[in-house]
Amino acid sequence: KNEVEQSPQNLTAQEGEFITINCSYSVGISALHWLQQHPGGGIVSLFMLSSGKKKHGRLIATINIQEKHSSLHITASHPRDSAVYICAVIPRASNFGNEKLTFGTGTRLTIIP
Amino acid sequence: DGGITQSPKYLFRKEGQNVTLSCEQNLNHDAMYWYRQDPGQGLRLIYYSQIVNDFQKGDIAEGYSVSREKKESFPLTVTSAQKNPTAFYLCASSNARVGGELFFGEGSRLTVL
(Lines give C-alpha, C1' and ligand atoms only; values in the text may rest on other atoms or scores of the structure.)
Protein backbone atom coordinates (compact mmCIF):
# COMPACT_ATOMS: atom_id res chain seq x y z
CA LYS A 1 0.00 0.00 0.00
CA ASN A 2 1.27 3.43 -0.93
CA GLU A 3 2.35 5.54 2.02
CA VAL A 4 2.05 9.29 2.12
CA GLU A 5 4.12 11.09 4.73
CA GLN A 6 3.78 14.77 5.51
CA SER A 7 6.10 16.97 7.49
CA PRO A 8 5.95 18.74 9.76
CA GLN A 9 2.80 17.53 11.51
CA ASN A 10 2.36 20.92 13.16
CA LEU A 11 3.81 24.26 12.20
CA THR A 12 3.46 27.62 13.94
CA ALA A 13 4.85 30.75 12.33
CA GLN A 14 4.62 34.52 12.52
CA GLU A 15 2.59 36.45 10.00
CA GLY A 16 4.66 37.23 6.92
CA GLU A 17 6.94 34.21 7.14
CA PHE A 18 7.60 31.90 4.18
CA ILE A 19 6.03 28.50 4.82
CA THR A 20 7.03 25.11 3.42
CA ILE A 21 5.06 21.90 3.91
CA ASN A 22 6.48 18.65 2.59
CA CYS A 23 4.92 15.47 1.22
CA SER A 24 6.77 12.23 0.43
CA TYR A 25 5.29 9.10 -1.09
CA SER A 26 6.60 5.63 -1.74
CA VAL A 27 5.38 4.55 -5.22
CA GLY A 28 5.11 6.06 -8.67
CA ILE A 29 2.08 8.29 -9.04
CA SER A 30 -0.14 9.67 -11.77
CA ALA A 31 -1.29 12.74 -9.83
CA LEU A 32 -0.85 14.54 -6.53
CA HIS A 33 -3.40 16.78 -4.82
CA TRP A 34 -2.86 19.48 -2.23
CA LEU A 35 -5.95 20.21 -0.15
CA GLN A 36 -6.76 22.76 2.55
CA GLN A 37 -9.08 21.86 5.41
CA HIS A 38 -10.63 24.81 7.22
CA PRO A 39 -11.21 24.80 10.99
CA GLY A 40 -14.88 24.11 10.34
CA GLY A 41 -13.99 20.91 8.49
CA GLY A 42 -14.68 21.78 4.87
CA ILE A 43 -11.95 20.95 2.35
CA VAL A 44 -10.86 22.99 -0.64
CA SER A 45 -8.69 21.72 -3.46
CA LEU A 46 -5.61 23.91 -3.89
CA PHE A 47 -3.59 22.15 -6.57
CA MET A 48 -3.50 19.04 -8.66
CA LEU A 49 -0.20 18.29 -10.35
CA SER A 50 1.76 15.50 -11.94
CA SER A 51 4.97 17.36 -12.78
CA GLY A 52 6.75 20.66 -12.36
CA LYS A 53 5.32 23.59 -10.51
CA LYS A 54 2.04 25.45 -10.14
CA LYS A 55 1.33 28.85 -8.62
CA HIS A 56 -1.90 30.45 -7.44
CA GLY A 57 -1.65 33.73 -5.63
CA ARG A 58 0.67 33.29 -2.65
CA LEU A 59 0.65 29.51 -2.93
CA ILE A 60 3.17 27.48 -4.90
CA ALA A 61 3.23 23.70 -5.30
CA THR A 62 6.19 21.79 -6.68
CA ILE A 63 6.75 18.13 -7.36
CA ASN A 64 9.89 16.08 -7.99
CA ILE A 65 8.82 12.81 -9.58
CA GLN A 66 12.27 11.18 -9.32
CA GLU A 67 12.55 11.93 -5.62
CA LYS A 68 8.85 11.15 -4.94
CA HIS A 69 8.45 14.43 -3.12
CA SER A 70 6.22 17.48 -3.28
CA SER A 71 6.26 20.78 -1.43
CA LEU A 72 3.62 23.39 -0.78
CA HIS A 73 4.93 26.90 -0.19
CA ILE A 74 3.06 29.90 1.15
CA THR A 75 4.63 33.33 0.71
CA ALA A 76 3.80 36.28 2.99
CA SER A 77 1.77 34.05 5.29
CA HIS A 78 -1.36 35.46 6.92
CA PRO A 79 -3.51 34.30 9.85
CA ARG A 80 -6.24 33.32 7.39
CA ASP A 81 -3.83 30.67 6.03
CA SER A 82 -4.22 28.81 9.33
CA ALA A 83 -5.64 25.42 8.37
CA VAL A 84 -4.72 21.79 7.90
CA TYR A 85 -2.97 21.09 4.60
CA ILE A 86 -3.40 17.61 3.18
CA CYS A 87 -1.43 15.85 0.47
CA ALA A 88 -3.02 12.98 -1.48
CA VAL A 89 -1.68 10.82 -4.33
CA ILE A 90 -3.01 8.45 -6.99
CA PRO A 91 -0.68 5.51 -7.69
CA ARG A 92 0.35 5.24 -11.33
CA ALA A 93 -1.67 2.62 -13.24
CA SER A 94 -3.68 2.75 -16.41
CA ASN A 95 -7.05 2.38 -14.77
CA PHE A 96 -6.58 4.19 -11.47
CA GLY A 97 -8.63 7.26 -10.75
CA ASN A 98 -9.55 9.41 -7.79
CA GLU A 99 -11.00 6.34 -6.06
CA LYS A 100 -7.39 5.23 -5.47
CA LEU A 101 -6.34 8.41 -3.68
CA THR A 102 -4.20 7.86 -0.59
CA PHE A 103 -4.24 10.74 1.85
CA GLY A 104 -1.60 11.99 4.23
CA THR A 105 -2.56 12.82 7.79
CA GLY A 106 -2.12 16.54 7.21
CA THR A 107 0.00 19.43 8.46
CA ARG A 108 -1.66 21.78 10.90
CA LEU A 109 -0.50 25.33 10.19
CA THR A 110 -1.03 28.20 12.62
CA ILE A 111 -0.05 31.72 11.64
CA ILE A 112 0.26 34.14 14.53
CA PRO A 113 -0.47 37.85 13.88
CA ASP B 1 -23.17 29.00 -6.90
CA GLY B 2 -22.16 25.48 -7.84
CA GLY B 3 -21.00 23.21 -5.12
CA ILE B 4 -21.66 20.30 -2.81
CA THR B 5 -24.10 20.45 0.06
CA GLN B 6 -23.95 18.03 2.94
CA SER B 7 -26.55 17.75 5.67
CA PRO B 8 -26.90 17.65 8.54
CA LYS B 9 -23.68 19.26 9.76
CA TYR B 10 -24.05 17.68 13.20
CA LEU B 11 -25.93 14.49 14.00
CA PHE B 12 -26.38 12.52 17.18
CA ARG B 13 -27.48 8.91 17.10
CA LYS B 14 -28.30 6.30 19.66
CA GLU B 15 -26.65 2.92 19.35
CA GLY B 16 -28.64 0.58 17.13
CA GLN B 17 -30.10 3.31 14.93
CA ASN B 18 -29.46 3.81 11.25
CA VAL B 19 -28.79 7.35 10.06
CA THR B 20 -28.59 8.81 6.57
CA LEU B 21 -26.25 11.63 5.58
CA SER B 22 -27.24 13.69 2.58
CA CYS B 23 -24.89 14.79 -0.21
CA GLU B 24 -26.12 16.87 -3.15
CA GLN B 25 -24.07 18.44 -5.94
CA ASN B 26 -25.02 20.81 -8.74
CA LEU B 27 -21.69 20.63 -10.54
CA ASN B 28 -22.89 18.02 -13.06
CA HIS B 29 -20.12 15.69 -11.91
CA ASP B 30 -20.30 12.00 -12.71
CA ALA B 31 -18.07 10.79 -9.87
CA MET B 32 -18.98 11.09 -6.20
CA TYR B 33 -17.20 9.84 -3.09
CA TRP B 34 -17.78 9.36 0.64
CA TYR B 35 -14.85 9.61 3.03
CA ARG B 36 -14.47 9.12 6.74
CA GLN B 37 -12.02 11.20 8.76
CA ASP B 38 -10.78 10.20 12.21
CA PRO B 39 -8.29 12.12 14.38
CA GLY B 40 -4.70 11.47 13.39
CA GLN B 41 -5.64 9.53 10.26
CA GLY B 42 -5.88 10.38 6.60
CA LEU B 43 -9.23 10.36 4.86
CA ARG B 44 -10.46 6.87 4.08
CA LEU B 45 -12.79 5.98 1.22
CA ILE B 46 -16.12 4.39 2.18
CA TYR B 47 -17.96 4.20 -1.16
CA TYR B 48 -17.73 5.82 -4.55
CA SER B 49 -19.89 6.11 -7.62
CA GLN B 50 -18.78 6.89 -11.14
CA ILE B 51 -22.20 6.89 -12.78
CA VAL B 52 -25.86 6.90 -11.87
CA ASN B 53 -27.20 3.56 -10.59
CA ASP B 54 -23.71 2.22 -9.98
CA PHE B 55 -21.43 2.37 -6.95
CA GLN B 56 -18.41 0.53 -5.60
CA LYS B 57 -17.08 -0.27 -2.14
CA GLY B 58 -14.08 1.63 -0.92
CA ASP B 59 -11.57 0.61 1.72
CA ILE B 60 -13.95 0.69 4.72
CA ALA B 61 -17.43 -0.07 3.38
CA GLU B 62 -18.53 -2.46 6.11
CA GLY B 63 -21.49 -1.08 8.05
CA TYR B 64 -22.33 1.53 5.42
CA SER B 65 -24.65 1.64 2.42
CA VAL B 66 -25.23 4.12 -0.41
CA SER B 67 -27.47 4.74 -3.39
CA ARG B 68 -27.06 6.74 -6.58
CA GLU B 69 -30.50 7.11 -8.11
CA LYS B 70 -29.82 10.61 -9.39
CA LYS B 71 -26.65 12.20 -10.70
CA GLU B 72 -26.93 14.99 -8.15
CA SER B 73 -27.42 12.88 -5.06
CA PHE B 74 -25.30 10.30 -3.23
CA PRO B 75 -26.68 9.65 0.28
CA LEU B 76 -24.75 7.57 2.81
CA THR B 77 -26.49 5.42 5.42
CA VAL B 78 -24.56 4.52 8.52
CA THR B 79 -26.13 1.31 9.72
CA SER B 80 -26.22 -0.22 13.17
CA ALA B 81 -23.66 -2.75 11.89
CA GLN B 82 -20.97 -0.07 11.85
CA LYS B 83 -19.02 -0.76 15.04
CA ASN B 84 -17.46 2.66 15.52
CA PRO B 85 -19.54 5.21 13.62
CA THR B 86 -18.53 8.36 15.51
CA ALA B 87 -16.49 10.31 12.96
CA PHE B 88 -16.43 13.20 10.53
CA TYR B 89 -17.87 12.30 7.13
CA LEU B 90 -16.98 14.12 3.91
CA CYS B 91 -18.61 13.89 0.51
CA ALA B 92 -16.73 14.84 -2.65
CA SER B 93 -17.24 14.89 -6.39
CA SER B 94 -15.11 15.22 -9.51
CA ASN B 95 -15.76 15.51 -13.23
CA ALA B 96 -13.15 12.94 -14.19
CA ARG B 97 -11.75 9.83 -12.59
CA VAL B 98 -8.13 10.65 -13.25
CA GLY B 99 -6.79 14.12 -12.95
CA GLY B 100 -10.11 15.56 -11.95
CA GLU B 101 -10.14 18.26 -9.30
CA LEU B 102 -12.01 17.19 -6.19
CA PHE B 103 -14.79 19.30 -4.74
CA PHE B 104 -15.73 18.65 -1.13
CA GLY B 105 -18.74 19.40 1.01
CA GLU B 106 -18.49 20.96 4.47
CA GLY B 107 -18.78 17.60 6.18
CA SER B 108 -21.12 15.95 8.67
CA ARG B 109 -20.06 15.12 12.20
CA LEU B 110 -21.79 12.03 13.56
CA THR B 111 -21.71 11.24 17.25
CA VAL B 112 -23.11 8.02 18.66
CA LEU B 113 -24.39 8.38 22.20
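Refer to the preceding data block for the structure.
This report concerns the structure included in the present document. (Residues numbered from 1 in each chain as written. Chains lettered and ligands numbered in written order. Predicted model: local features only at pLDDT ≥ 70, side-chain atom pairs only at ≥ 80, totals over all residues. Heavy atoms only, no water.)

### Quick notes on the sheet that holds strand S7 (residues 59-64) of chain A
All names here are of chain A.
Logical step 1: One open sheet holds the five strands; their spatial order is S1-S3-S8-S7-S6, and the pairing between them is antiparallel. On the outer flanks of this sheet lie strand S1 (4-7) and strand S6 (52-56), each paired with one strand and no other. For this sheet the average axis-to-axis angle between neighbouring strands, irrespective of direction, equals 15 degrees. (Pairing = 2+ DSSP bridges. Helix = DSSP H or I, 4+ residues; strand = E, 2+ residues; numbered from the N terminus. Axes fitted to C-alpha atoms, helices over the stretch in contact; angles between N-to-C directions.)

### Some words on the interface of chain B and chain A
Logical step 1: With 24 residues of chain B at the contact, the number on the chain A side is 19 residues.
Logical step 2: Taking both partners together, chain B and chain A bury about 1,700 Å²; carbon and sulfur atoms supply 56% of that area.
Logical step 3: Summed over the shared surface of chain B and chain A, the number is zero salt bridges.
Logical step 4: Taken together, chain B and chain A are joined by three residue pairs in polar contact (both at pLDDT 80 or more).
Logical step 5: Of all the secondary-structure elements, those providing two or more residues to the side of chain B that touches chain A are strand S4 (31-37), strand S5 (44-51) and strand S9 (87-94) of chain B. (Contact = heavy atoms within 4.5 Å. Buried area = accessible area lost by both parts, 1.4 Å probe. Salt bridge = Lys/Arg side-chain N within 4 Å of Asp/Glu carboxyl O. Polar contact = N/O pair within 3.5 Å; in protein donor to acceptor, adjacent residues only side chain to side chain.)

### Brief notes about the nonpolar core
Logical step 1: Ranked by size, the top nonpolar core spans 23 residues in total, and within it Leu32(A), Trp34(A), Phe47(A), Leu72(A) and Tyr85(A) carry the most contacts.
Logical step 2: With residues near it in sequence (within four places) discarded, Leu32(A) still touches Cys23(A), Tyr25(A), Phe47(A), Met48(A), Leu49(A), Ile63(A), Ser70(A), Cys87(A), Ala88(A) and Val89(A). (Core = buried A, V, L, I, M, F, W, Y, C linked by side-chain atoms within 4.5 Å. Buried < 20%, exposed > 50% of the residue type's maximum accessible area, 1.4 Å probe, protein only.)

### Considering the pattern of salt bridges
Logical step 1: Considering all chains together, one arrives at four salt bridges over all chains under this definition.
Logical step 2: Measuring nitrogen to oxygen at the nearest pair gives 2.8 Å for the salt bridge that ties Arg58(A) to Asp81(A). Taken together, the residues Arg58(A) in the loop between S6 and S7 and Asp81(A) in the loop between strand S8 (69-74) and strand S9 (83-91) connect sequence positions 23 residues apart.
Logical step 3: Between Asp38(B) and Arg44(B) there is a salt bridge; the shortest N-O distance is 2.8 Å.
Logical step 4: Within this structure, Arg36(B), Asp38(B) and Arg44(B) form a network of salt bridges that share partners.

### A closer look at the state of the cysteines
Logical step 1: Taken as a whole, this structure holds two disulfides over all chains when the rule is applied.
Logical step 2: Through a disulfide, Cys23(A) is tied to Cys87(A); the S-S separation comes to 2.0 Å. Disulfide Cys23(A)-Cys87(A): the torsion about the S-S bond is -60 degrees, which places it as left-handed. Pair noted here: Cys23(A) is in strand S3 (residues 19-25) and Cys87(A) is in strand S9, with a separation of 64 residues, a long-range link. With respect to burial, Cys23(A) and Cys87(A) carry one shared label: buried.
Logical step 3: Residue pairing for Cys23(B): its cysteine sulfur links by disulfide to Cys91(B), the two sulfurs lying 1.9 Å apart. Handedness of the Cys23(B)-Cys91(B) disulfide follows from its S-S torsion of about -75 degrees: it is left-handed. On the criterion of sequence distance, the pair formed by Cys23(B) in strand S3 (residues 19-25) and Cys91(B) in strand S9 is long-range, its members being 68 residues apart. Comparing Cys23(B) with Cys91(B) shows no difference in burial state: the two are buried. (Disulfide = S-S within 2.5 Å.)

### Let's talk about a nonpolar patch on the surface
Logical step 1: A surface patch of nonpolar side chains, about 400 Å² in accessible area, is lined by Tyr10(B), Phe12(B) and Leu113(B).
Logical step 2: In this fold, Leu113(B) is placed in the segment after strand S11 (108-112). (Patch = residues over 30% accessible without salt bridge, like charges linked within 9 Å, V, L, I, M, F, W, Y side chains within 5 Å. Areas by Shrake-Rupley, 256 points an atom, 1.4 Å probe, with all protein chains shown as cover.)

### Let's talk about the sheet that holds strand S8 (residues 76-78) of chain B
Paired through backbone hydrogen bonds, the strands of a sheet run either parallel or antiparallel to each other.
Residues and elements named next belong to chain B.
Logical step 1: With antiparallel pairing, the four strands of this open sheet are ordered in space as S1-S3-S8-S7. Of all the strands in the sheet, just strand S1 (4-7) and strand S7 (64-66) have a single pairing partner and so form its edges. Across this sheet, the average inter-strand angle for adjacent strands is 20 degrees, counted without regard to direction.
Logical step 2: The pairing of S7 with S8 spans three bridges and is classified as antiparallel. Bridged to Val66 within S8 is Leu76.

### Some remarks on the side chain of Ser71(A)
Logical step 1: Mapped onto the elements of the fold, Ser71(A) is located in strand S8.
Logical step 2: Side chain to side chain, Ser71(A) and Asn22(A) meet in a polar contact 3.0 Å long.

### Some points on the environment of His69(A)
Residues and elements named next belong to chain A.
Logical step 1: The topology assignment puts His69 in strand S8.
Logical step 2: For His69, a relative accessible area of 23% corresponds to the partly exposed category.
Logical step 3: For the pair His69 and Glu5, spaced 64 residues apart in sequence, the C-alpha to C-alpha distance is 9.6 Å.
Logical step 4: Among all residues touching His69, those that are not within four sequence positions of it are Asn22, Cys23, Ser24, Tyr25, Thr62, Ile63 and Asn64.

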